[in-house]
Amino acid sequence: MSFSAAQAATWRYAFEEALTDVQGVYAQKFKEEVEANSDHEIQLFPFGTLGESADIMEQAQAGILQFVNQSPGFTGALIPEAQVFFVPYLLPTDQAHLARFYKESKAINEDFEELYAEQGLELLSMYPEGEVAMTTKDPVKTCEDLNEVKFRVMTNPLLVESYKAFGATPTPLPWGEVYGGLQTNIIQGQENPTFFLYSTKIYEVTDHITYAGHNNFTTALMANQDFYNSLSEEEQQVIEDAADAAYDHIVEYQKSLADEELAKIKEAKPEMTVTVLSEEERACFKEAAADVEAKFIEMTGESGKAILEQMKEDLAATAE
């Protein structure tokens, strides 16, 4: 099925969050750019409209969706190397550094592009969504505080290993079950970027927010590769340009987002405690990170090791 300019098409794009969340804001900018520069229309499907993350990925691979935005956390089953984003303390918390890294990294823009292509996906953009915070029912100051805490993680083997190493009992659950799981105490903790804690009202069913600086949430926009390859060069360029414009837009949009959303959480629930761990308190988490890194290499072999080393090089090259 080829799409020529004369044949204006409606392209379907699904993502893992609400329209007003980071992925939604990115998607709206992408849509606006594509529609301004071509005859095509983009139809957006926020979280829940077409199922959970696993469902939208299947639909993208099957060509039912032209575009899918999915975090590597969920893509880890398809592309084991994508779990590298869950090696604790690999990514910096500095947003400006992160923004340069995603844009300029060889690991992301060349190595990962090839790995996604092997799964029939055209990787268009990877972008940050903010530092990940833990939300729990009891305070967390050290790894010991996570002992026996059933902690919800994405269905990702390395994330499971991370929380094991941190001392918790990792419990993989689809996002749709997390609020209820916390409410009924099936789980006692979860992690996500700050804006998501506010928009999904997770603060209502947890009492403590802890920043250990261990990770930054990464997400990625992909196209079905058969669809992408069937486009003219001009249309591919429109898509690439739209992804670049949406990237710059989302980096700018997020500059003060975490602080603003944290203020809203405190306003909605004044008794919420917010803790930023000191270097001393982070020590046990950082020690655990070495084990998780070793586990990642064990899981992914030479290919994973090469990507990890390339990412470290890219991170050093983009530091100021």
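Above this text sits the structure in question.
Residues numbered from 1 in each chain as written. Predicted model: local features only at pLDDT ≥ 70, side-chain atom pairs only at ≥ 80, totals over all residues. Heavy atoms only, no water.

> How would you sum up the overall build of the chain? Please name residues and give values.
Each helix and strand in the chain was counted, giving 12 helices and 10 strands. A compact globule built from 320 residues would reach a C-alpha radius of gyration of about 20 Å, and the chain, at 19 Å, matches this within 12%. Its C-alpha atoms put the chain at 60 × 45 × 35 Å along the principal axes. Counting all 320 residues of the chain, 54% fall into the buried class. Looking at the chain as shown, the accessible area adds up to about 13500 Å², and 48% of this sits on carbon and sulfur atoms. (Helix = DSSP H or I, 4+ residues; strand = E, 2+ residues; numbered from the N terminus. Rg over C-alpha atoms; globule rule 2.2 N^0.38 Å. Buried < 20%, exposed > 50% of the residue type's maximum accessible area, 1.4 Å probe, protein only. Areas by Shrake-Rupley, 256 points an atom, 1.4 Å probe, with all protein chains shown as cover.)

> Describe unusual backbone geometry, naming the residues involved and giving the relevant values.
One non-glycine residue, E148, lies in positive phi territory at about 65°. You can see E148 is positioned in the loop between β4 (121-136) and β5 (150-153). For K201, which is not a glycine, the phi torsion comes out positive at approximately 60°. Here K201 shows up in the loop between α8 (194-199) and β8 (208-211).

> Would you mind going over the packing of aromatic side chains in detail, with residue names and values included?
Two numbers describe a pair of aromatic rings. These are the distance of the centres and the angle of the planes. Taken as a whole, this structure holds 17 aromatic pairs when the rule is applied. When the centroid spacing of 5.9 Å and the interplanar angle of 70° are considered together, the rings of F195 and F196 count as edge-to-face. Per residue, the accessibility class of F195 equals that of F196, and both read buried. Pairwise contacts between aromatic rings join W11, Y13, F15, F30, F67 and F227 into one cluster. (Phe/Tyr/Trp six-rings, centres within 6.5 Å; stacked < 30°, edge-to-face > 60°.)

> Would you mind going over the side chain of Q236 in detail, with residue names and values included?
Counting through the fold element by element, Q236 comes out in helix α10 (residues 233-253). Residue Q236 is classed as buried on the basis of its relative accessible area, which comes to 19%.

> Describe the state of the cysteines, listing the residues and the values that go with them.
For the coordinates displayed, the defined rule picks out 1 disulfide. Residue C143 pairs covalently with C284 via a disulfide, S to S 2.3 Å. Handedness of the C143-C284 disulfide follows from its S-S torsion of about 100°: it is right-handed. With C143 in the loop between β4 and β5 and C284 in helix α12 (residues 279-318), the pair connects residues that are 141 residues apart, well separated along the chain. Relative accessible area serves as the criterion here: at 24%, C284 is assigned to the partly exposed category. (Disulfide = S-S within 2.5 Å.)

> Break down the nonpolar core for me, citing the residues and quoting the values.
Most often, soluble globular proteins have nonpolar side chains that are buried together. Within the largest apolar cluster, 102 residues are counted, with the highest numbers of intra-cluster contacts made by F30, F67 and F112. If we ignore the near neighbours within four places in the chain, the residues touching F112 are E81, A82, V84, F85, A107, L123, M126, I307 and M311. (Core = buried A, V, L, I, M, F, W, Y, C linked by side-chain atoms within 4.5 Å. Contact = heavy atoms within 4.5 Å.)

> Can you break down the pattern of salt bridges residue by residue, with the values?
Proximity of charged atoms lets side chains of opposite charge pair with each other. For the structure on display, the rule yields 12 salt bridges. For the salt bridge of K103 with D248, the shortest nitrogen-to-oxygen distance reads 2.8 Å. With K103 in helix α4 (residues 95-104) and D248 in helix α10, this residue pair connects regions lying 145 residues apart in the sequence. Of the charged contacts, one joins E261 and K264 as a salt bridge, the two residues approaching to 2.9 Å between their closest N and O atoms. (Salt bridge = Lys/Arg side-chain N within 4 Å of Asp/Glu carboxyl O.)

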